[in-house]
Amino acid sequence: MNIGIIYYSNTGNTLSVSETLKKALEASGNQVSLERIEVSPDNPQAESVRLVKAPAIAGYDLLVFASPVHGFQPSKAMSTFLNQMTDLSGRKVICFVTHFFPFAWMSGKPSINKMKSLCESKGAEVILTGIIDWKNRKRNQEIKQLTDAVLGLI
Ligand SMILES: Cc1cc2nc3c(=O)[nH]c(=O)nc-3n(C[C@H](O)[C@H](O)[C@H](O)COP(=O)(O)O)c2cc1C
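What you see is a predicted model; the values in this text were computed from it and never measured.

Peer 1: So what's going on with the overall build of the chain? Residues and values would help.
Peer 2: Within the chain one finds 4 helices and 8 strands. The N-to-C order of helical and strand elements in the chain reads β-α-β-β-β-β-β-α-β-α-β-α. Relative to the 2.2 N^0.38 estimate, which gives 15 Å for 154 residues, the radius of gyration of the chain is 14 Å and therefore close to what a compact globule would have. Expressed as lengths along the three principal axes of its C-alpha atoms, the size of the chain is roughly 40 × 40 × 25 Å. For the chain, buried positions account for 37% of its 154 residues. A separation threshold of at least 6 residues defines the contact pool for the chain, and within that pool the share at least 24 residues apart is 71%.

Following this line, the structure appears as structure tokens:
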């Protein structure tokens, strides 16, 4: 399968999970591209951001969108990217977020719900969502669960 992981990461957490996922998917015979959304200003506290590089989504059998949580929402970079997308009809999508708090309800859940509905509003079929609670002592287990869940779907 040809899989595109489109991510935004400011301090590297979301990138590291994306890289783990990429390795696992490649190890099971998939072709995986990892593409960063580039914005200006590249500052999570900016009121609004402008897309400098919006990764192309054409040609992938499966899209993974990955973002940190900023202020109880998906990053501005990710929501700006998803908002400018014209059409995701017929596209299978997986979304995940990383956030600081140890429990998903503390900000991961509302953020992933927002990301999921943004994708669905563009016509995507969201087949899986994931939340990595960075300060949870079982973080590595959460990352493995997400990776296994993705592998189980393809
Ligand atoms: C401006 C800003 C706002 C944040 N807001 C939240 C938040 O509302 N809830 C939360 O759990 N973590 C919050 N975080 C922490 C990040 O979501 C968390 O560290 C994430 O894993 C960072 O991902 P990255 O390293 O890929 O950028 C915030 C971080 C920044 C810089």
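Peer 1: Go over the site of the ligand, please, and point to the residues and values.
Peer 2: Taken together, the neighbourhood of the ligand is formed by 21 residues, with Ser 9, Asn 13, Thr 14, Pro 68 and His 99 sitting nearest. Among the elements of the structure, helix H1 (13-27), strand S5 (62-70) and strand S7 (92-99) are those that each provide at least two residues to the shell around the ligand. Across the shell around the ligand, the residue classes break down as 9 nonpolar, 12 polar and no charged.

Peer 1: Outline the pairing of strand S8 (residues 125-133), supporting the account with residue identities and numerical values.
Peer 2: The sheet contact formed by S7 and S8 spans 8 bridges and is parallel. Looking at S8, one finds that Cys 95 is bridged to Thr 129. For the segment spanning S7, helix H3 (residues 108-121) and S8, crossover handedness is right-handed.

Peer 1: Lay out the packing of H1 against helix H4 (residues 139-153) with the relevant residues and their values.
Peer 2: Where H1 meets H4, the axes come as close as 10 Å, and the angle between the chain directions of the two elements is 40 degrees. Classified by the interaxial angle, the pair formed by H1 and H4 is oblique. Once H1 is placed against H4, the crossing between them reads as right-handed. For the pair H1 and H4, contact is made by Val 17, Thr 20, Leu 21 and Ala 24 and by Ile 143, Thr 147, Val 150 and Leu 151, respectively.

Peer 1: Explain H1 to me, and be specific about the residues and the numbers.
Peer 2: It helps to recall that an α-helix has 3.6 residues per turn; residues three or four apart then point in one direction. Taking 1.5 Å per residue, 15 residues should reach 21 Å; H1 reaches 21 Å between its end C-alpha atoms and fits that length. Turning to H1, its buried residues are Thr 14, Val 17, Ser 18, Leu 21 and Leu 25. Down the axis of H1, the smallest arc covering the buried residues is 100 degrees, so these residues share one side. Those residues of H1 that are exposed and aimed more than 90 degrees away from the buried face are Lys 23, Glu 26 and Ala 27. In the stretch just after H1, Gly 29 is the one whose phi turns positive, near 95 degrees.

Rules behind the numbers
- Residues numbered from 1 in each chain as written.
- Predicted model: local features only at pLDDT ≥ 70, side-chain atom pairs only at ≥ 80, totals over all residues.
- Helix = DSSP H or I, 4+ residues; strand = E, 2+ residues; numbered from the N terminus.
- Rg over C-alpha atoms; globule rule 2.2 N^0.38 Å.
- Buried ≥ 20, exposed ≤ 12 C-beta atoms within 10 Å, placed from the backbone.
- Contact = placed C-beta atoms within 7 Å.
- Near = placed C-beta within 6 Å.
- Nonpolar A, V, L, I, M, F, W, Y, C, P; charged D, E, K, R; others polar.
- Pairing = 2+ DSSP bridges.
- Right-handed = clockwise from strand over helix to strand, strands pointing away.
- Axes fitted to C-alpha atoms, helices over the stretch in contact; angles between N-to-C directions.
- Parallel < 35°, antiparallel > 145°, perpendicular 65-115°, else oblique.
- Left-handed = near helix turned anticlockwise from the far one by under 90°.
- Expected span 1.5 Å × (residues − 1).
- Arc of directions from axis to C-beta.

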